[in-house]
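Below are the chains, spelled out letter by letter.
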Amino acid sequence: MTRDVHVSAIADAVKKLCMEANVSLEPDVLRAFDRALTTERSPAGKQVLQILKDNAELARTKRIPYCQDTGMVVCFVELGQDVHVTGGGLEAAINEGIRQGYTEGYLRASIVKSPFDRVNTGDNTPGVIHVDVVPGAALKIMIMAKGGGCENRSRYVMLTPAAGLPGVKDFIIECVKTAGPDACPPLILGVGIGGTFEKSAILSKKALFRELGSPNPDPMVDALEKELLDKANRLGIGPQGYGGDTTSLGIHILTYPCHITSLPVAVTIECHAHRHKEVTL
Amino acid sequence: MSVSTAADGIKDVTTPLTDADVQSLKAGDRVRISGVIYTARDAAHGRLLPLIEKGEKLPIDVKGAIIYYTGPTPPQPGQVIGAIGPTTASRMDKFTPALLKLGLKGTMGKGYRGQPVKDALREYRGVYFGAIGGAGAVLSRHIKKAEFVAYEDLGTEAIRRLEVEAFPAIVVNDCHGGDLYQDGQKQYARE
C-alpha cells in the first residue's frame, strides 16, 4: 500500500520549519546554555552566554531572527519507500518551501546562484538536500539553517589507518582551535568518521541533528565524545573567543564502515545558533 | 574626547573617533558605541577597493568612522532593521589596511584579524571591536535608524548608514598591539 503526499504539503511543512527554526532555538540548545552558565569561570564568557539566552528569548517573542545569517538550508529527508509524492518533484517542493519561508519570514537571502558570478538568488534557494529512502510510509523532513561563518571553518582529512584513534582526536581538537572566535563559539561539532570522502562529510552534518546533551548510542563513541568535549573546553577559547571554559557545547560523532586503506574524518563546525527543526508527514 | 568611562566600568564611545580616542581604548575594554556607523562587508569592500586604488571619492567619508561588518535581515513592517550581528572580519582583511590609511578609525566584526591588519591598526591608529556573533536580535534593538548609502543593488551587502545607541561591543585589537583573543585564551587554557 502506498500513501500519497502532495507536494503542497511538503512545501508548506518546509516553509514553517524554516520560519520557526530561525526565530526559535530548540530546547536542547537553551538547556546547553544553562548548563554552561553553571561551569563558566570567565565573567566575559558568562556575560556572552547570558546575552545569547536573552537573544533567544527576544527572537522567539518578537520573531526577530536569532542571527542575521539565516543560513543555507540543509535538509535531510527520510522518504518512506511506500510514500508516493504527487503533484510534482520532491526537491522542487522543498525549495518552494524554502522560498516561501525565507520571503514571508523576512529572513536573509544568503545564496548566490553561481560560486563565480556571486549573484544572489534573492530567496535563499536552493537548499542542500539529502534523501534517504527508508522502509515504511512516513516522510520525515529535518532542516537546519546552516550559518556560513561556522561552515567556513569546517574541515576534512583523510588519515591513514596507522594514524588511528589518536590521529582522529588530534584532528578534531585542531578543528576547534582553527575555528576559534571566527566560528562564533560556543561551537557544536558534527563529526563523520569512516565511509568515503563524501559519506563522512554527509555524516558530519547528520550528526548535528542528534539532541544536544544526549548520549551517543554507542558507548565507545559516547566516551570519545565526552573526552573530546572536555579537551575542547580546556583550550580556553571560551564564548566568542573572549577566553573561558565554554568553547563547545557538544561533539556529536557518526561512524560508518570504511575501506582497509582509509580513515576519513569530516568535521562540520556549527555555531551556537544551532537552528534545527523536524517534522514527520 | 568621545570616549568616557561610565560608572559601570564600560566605556561610552561616540563617533567620529580621533587618534586620541583610539589610543585610550585597550584590548578587553567593554564599550557602548553611539552615533553613526556604516555597514559594509565582502561585496561592498570589493567595490570600494578599486576606487581607493584609483584615488577616487568613496561613497562614505571614512575619516574617524567605524565600519561594521554585517549583513542584516530585512526589517519587518514597523522595524528599523532586522537581526544585525557581526560577520567574520578576516574576509575583509585584504581591504582594511587601505581604509585605515584613509582615516578609518574602527572596524567591528567577529573573529581573528591577520597580522597586516594588526600592523595597520598600530601604524594608522585604529581599533577592532568585537560584537557578539549570533546575537542578531538583541543587537537590532540598538539601531535607531538605518538607511542605504550606496550599492543598494547588493541587498543585505549594501552600505548602510546606521544611527546606533549604546551598541555593546568589546575591544579585541587595540592600536598598542593588545589582543583580547590571545590574552583571554591564555588566561583560561587548562592543559
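Please read these numbers as outputs of a predicted model, since none were measured by experiment.

Criteria and thresholds
- Residues numbered from 1 in each chain as written.
- Chains lettered and ligands numbered in written order.
- Predicted model: local features only at pLDDT ≥ 70, side-chain atom pairs only at ≥ 80, totals over all residues.
- Helix = DSSP H or I, 4+ residues; strand = E, 2+ residues; numbered from the N terminus.
- Buried ≥ 20, exposed ≤ 12 C-beta atoms within 10 Å, placed from the backbone.
- Rg over C-alpha atoms; globule rule 2.2 N^0.38 Å.
- Contact = placed C-beta atoms within 7 Å.
- Domains from an automatic or database assignment.
- Pairing = 2+ DSSP bridges.
- Axes fitted to C-alpha atoms, helices over the stretch in contact; angles between N-to-C directions.
- Expected span 1.5 Å × (residues − 1).
- Parallel < 35°, antiparallel > 145°, perpendicular 65-115°, else oblique.
- Left-handed = near helix turned anticlockwise from the far one by under 90°.
- Core = buried A, V, L, I, M, F, W, Y, C linked by C-beta atoms within 7 Å.
- pLDDT = per-residue confidence, 0-100.

**Details of the overall build of chain B**
Next, step 1: Helix and strand content of chain B: six helices and eight strands.
Next, step 2: Dimensions of chain B along its principal axes, counting C-alpha atoms only, are 45 × 40 × 40 Å.
Next, step 3: Looking at the 191 residues of chain B, the share that counts as buried comes to 50%.

**What to know about the overall build of chain A**
Next, step 1: Helix and strand counts for chain A stand at eight helices and ten strands.
Next, step 2: For chain A, the C-alpha radius of gyration of 19 Å lies close to 19 Å, the compact-globule estimate for 281 residues.
Next, step 3: Counting only C-alpha atoms and orienting by the principal axes, one finds that chain A spans roughly 55 × 50 × 40 Å.
Next, step 4: Per-residue burial over chain A gives 49% buried out of 281 residues.
Next, step 5: At a minimum sequence separation of 6, the contacts of chain A that also span at least 24 residues come to 81%.

**Let's talk about the domain arrangement of chain A**
Often, the extent of an interface is quoted as the loss of accessible area on bringing the components together.
All names here are of chain A.
Next, step 1: Taken domain by domain, chain A comprises domain 1 (3-23 + 66-146) and domain 2 (149-273).
Next, step 2: Look at where the C-alpha atoms of domain 1 and domain 2 centre, and you get two points 25 Å apart.
Next, step 3: Taken together, the contacts link nine residues of domain 1 with eight residues of domain 2.
Next, step 4: At the level of elements, β2 (72-80) and β5 (139-146) are the ones that each hand at least two residues to the side of domain 1 that touches domain 2.

**Digging into the sheet that holds strand β10 (residues 275-280) of chain A**
Residue and element names in this part refer to chain A.
Next, step 1: Within the open sheet, the four strands sit side by side as β4-β2-β5-β10. Their pairing is mixed. The outermost strands of the open sheet, each flanked by one partner alone, are β4 (128-134) and β10. Across the sheet, the axes of successive neighbouring strands diverge by a mean angle of 10°, strand direction being ignored.
Next, step 2: Summarising the sheet, β2 and β4 pair through seven bridges and their orientation is parallel. Following the sheet pairing, F76 is matched in β4 by H130.

**Digging into helix α4 (residues 90-104) of chain A**
An α-helical segment advances 3.6 residues per turn. Residues three or four places apart therefore align on the same side.
Residues and elements named next belong to chain A.
Next, step 1: Here α4 contains 15 residues, and its C-alpha end-to-end distance of 21 Å stays within 8% of the 21 Å for a straight helix at 1.5 Å per residue.
Next, step 2: If you check which residues of α4 are buried, you get A93, I94, N95, E96, G97, I98, R99, G101 and Y102.
Next, step 3: In this structure, the buried residues of α4 make contact with α1 (7-23), β2 and β4.

**Details of the packing of α1 of chain A against α4 of chain A**
All names here are of chain A.
Next, step 1: Where α1 meets α4, the closest approach of the two axes is 7 Å, and the angle between their N-to-C directions is 40°. Judged by the inter-axis angle, α1 sits oblique to α4. In this structure, α1 meets α4 at a crossing whose hand is right-handed. Contacts between α1 and α4 involve V7, I10, A11, D12, A13, V14, K15, C18 and M19 from the first element and L90, A93, I94, E96, G97, I98, Q100, G101 and Y102 from the second.

**Quick word on the sheet that holds strand β9 (residues 263-270) of chain A**
Residue and element names in this part refer to chain A.
Next, step 1: Taking strand neighbours across the sheet as the criterion, the four strands line up as β6-β9-β7-β8 in an open arrangement whose pairing is mixed. Strand pairing shows two members of the sheet lacking a second neighbour, β6 (155-159) and β8 (248-258), which therefore form its edges. Taking the axes of each pair of neighbouring strands and ignoring which way they run, one obtains an average angle of 15° across the sheet.
Next, step 2: As paired elements, strand β7 (residues 187-195) and β9 share six bridges and run antiparallel to each other. The residue of β9 that forms the bridge with L189 is I269.
Next, step 3: Those strands touched by helix α7 (residues 197-206) are β6, β7, β8 and β9, and its axis lies near 150° from that of β7.

**Here's the deal with the nonpolar core**
Next, step 1: Core analysis: the largest hydrophobic core is formed by 132 residues, its most contacted members being V14 and C18 of chain A together with F129 of chain B.
Next, step 2: The dominant element in this core, judged by the number of residues it contributes, is α1 of chain A, at nine residues.
Next, step 3: For this core, the two domains that each supply at least three residues are domain 1 (3-23 + 66-146) and domain 2 (149-273) of chain A.
Next, step 4: Those residues in contact with V14 of chain A that sit more than four places away from it in its chain are I94, G97, I98, G101, I141 and I143 of chain A.

**Focus on the environment of V221 of chain A**
All names here are of chain A.
Next, step 1: Within the secondary structure, V221 is located in helix α8 (residues 219-232).
Next, step 2: Overall, V221 belongs to the partly exposed group, with 17 C-beta atoms counted inside 10 Å.
Next, step 3: Considering only alpha carbons, one finds V221 and Y256, 35 residues apart in sequence, at a separation of 12 Å.
Next, step 4: Those residues in contact with V221 that sit more than four places away from it in its chain are N216, I253 and T255.

**Quick word on the confidence of the model for chain B**
Next, step 1: Mean pLDDT for chain B: 97, with 99% of residues reaching 70 or above.
Next, step 2: Across the interface, the model reports ipTM at 0.93; the global pTM reads 0.95.

**Here's the deal with the pairing of strand β5 (residues 106-109) of chain B**
Residues and elements named next belong to chain B.
Next, step 1: With burial as the criterion, each face of β5 is covered, one bearing G106 and M108 and the other bearing T107 and G109.
Next, step 2: Of the pairings in the sheet, the one linking β5 to strand β6 (residues 127-130) comprises four bridges and is parallel in character. Looking at β6, one finds that M108 is bridged to F129.

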